[in-house]
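Listed below are the residues making up each chain.
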Amino acid sequence: MNPIKGVYVTTTEMIRYLEEKKEEDREKRIAEINRLLEKRQQFLDQIEKPLSGGEQALAKQTMQLNEKLDAILQKEKQHIQMDINQLKVTKKTNRQYINPYASLQNTGGSFFDKRK
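Residues numbered from 1 in each chain as written. Predicted model: local features only at pLDDT ≥ 70, side-chain atom pairs only at ≥ 80, totals over all residues. Heavy atoms only, no water.

Undergrad: Help me understand the overall build of the chain in this model?
TA: Across its full length, the chain carries three helices and zero strands. From first element to last, N terminus to C terminus, the chain shows the α and β order α-α-α. For 116 residues, the compact-globule estimate of 2.2 N^0.38 gives 13 Å, and the C-alpha radius of gyration of the chain, at 26 Å, exceeds that figure by more than 25%. In terms of overall dimensions, the chain has a C-alpha envelope of 95 × 30 × 20 Å along the principal axes. Looking at the chain residue by residue over its 116 residues, the buried ones come to 18%. Counting contacts in the chain only where the partners sit at least 6 residues apart, residues at least 24 apart contribute 75% of the total. When the accessible surface of the chain is split by element, carbon and sulfur atoms take 53% of a total near 9800 Å². Distance between charge centroids for the chain: 9 Å, based on 22 positive and 17 negative side chains. (Helix = DSSP H or I, 4+ residues; strand = E, 2+ residues; numbered from the N terminus. Rg over C-alpha atoms; globule rule 2.2 N^0.38 Å. Buried < 20%, exposed > 50% of the residue type's maximum accessible area, 1.4 Å probe, protein only. Contact = heavy atoms within 4.5 Å. Areas by Shrake-Rupley, 256 points an atom, 1.4 Å probe, with all protein chains shown as cover. Lys, Arg positive; Asp, Glu negative; His and termini not counted. Charge placed at Lys NZ, Arg CZ, Asp CG, Glu CD.)

The structure is reproduced here in structure tokens:
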């Protein structure tokens, strides 16, 4: 397969996957995204210049799709970051619930009386 066409097909496949599939299992989703990105990178590594007229037109279309893909991946990253932040807040709240006085414990200012 022509490397430019391979990049184009893989990019459209990624966009379709990200827009259509809303898997609950994030690990599988991330694994599939990584697989598609690696496949796409292999095609990108095979591209040699100069490009013919048809390849240049397909490359322009691919670049436009790439901008759309970047926006979709950015949204995906934001969702993951929000989940991470929510998890941190939940962990902090659970720790405070278990030991509410942990933040008040201060052993740095203790005074020990040496007199008998």
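Structure shown, so let's carry the discussion forward.
Undergrad: Whenever I open this one, unusual backbone geometry confuses me. Can you help?
TA: Glycine aside, residues mostly have negative phi, and peptide bonds are mostly found in the trans state. Between Lys 49 and the following residue, Pro 50, the backbone shows a cis peptide bond with an omega angle of 0 degrees. Along the chain, Pro 50 turns up in the loop between helix 2 (26-46) and helix 3 (53-98).

Undergrad: Explanation requested: the nonpolar core in the structure shown.
TA: For soluble globular proteins, the rule of thumb is that nonpolar side chains tend to be buried together. Listed in full, the nine residues of the largest apolar core are Met 14, Ile 15, Tyr 17, Leu 18, Ile 33, Leu 36, Leu 65, Leu 69 and Ile 72. Broken down by secondary-structure element, the contributors of at least two residues to this core are helix 1 (3-20), helix 2 and helix 3. Looking at this core, the element that brings in the most residues is helix 1, giving four residues. Beyond its immediate sequence surroundings of up to four residues, Ile 72 is in contact with Ile 15, Leu 18 and Glu 19. (Core = buried A, V, L, I, M, F, W, Y, C linked by side-chain atoms within 4.5 Å.)

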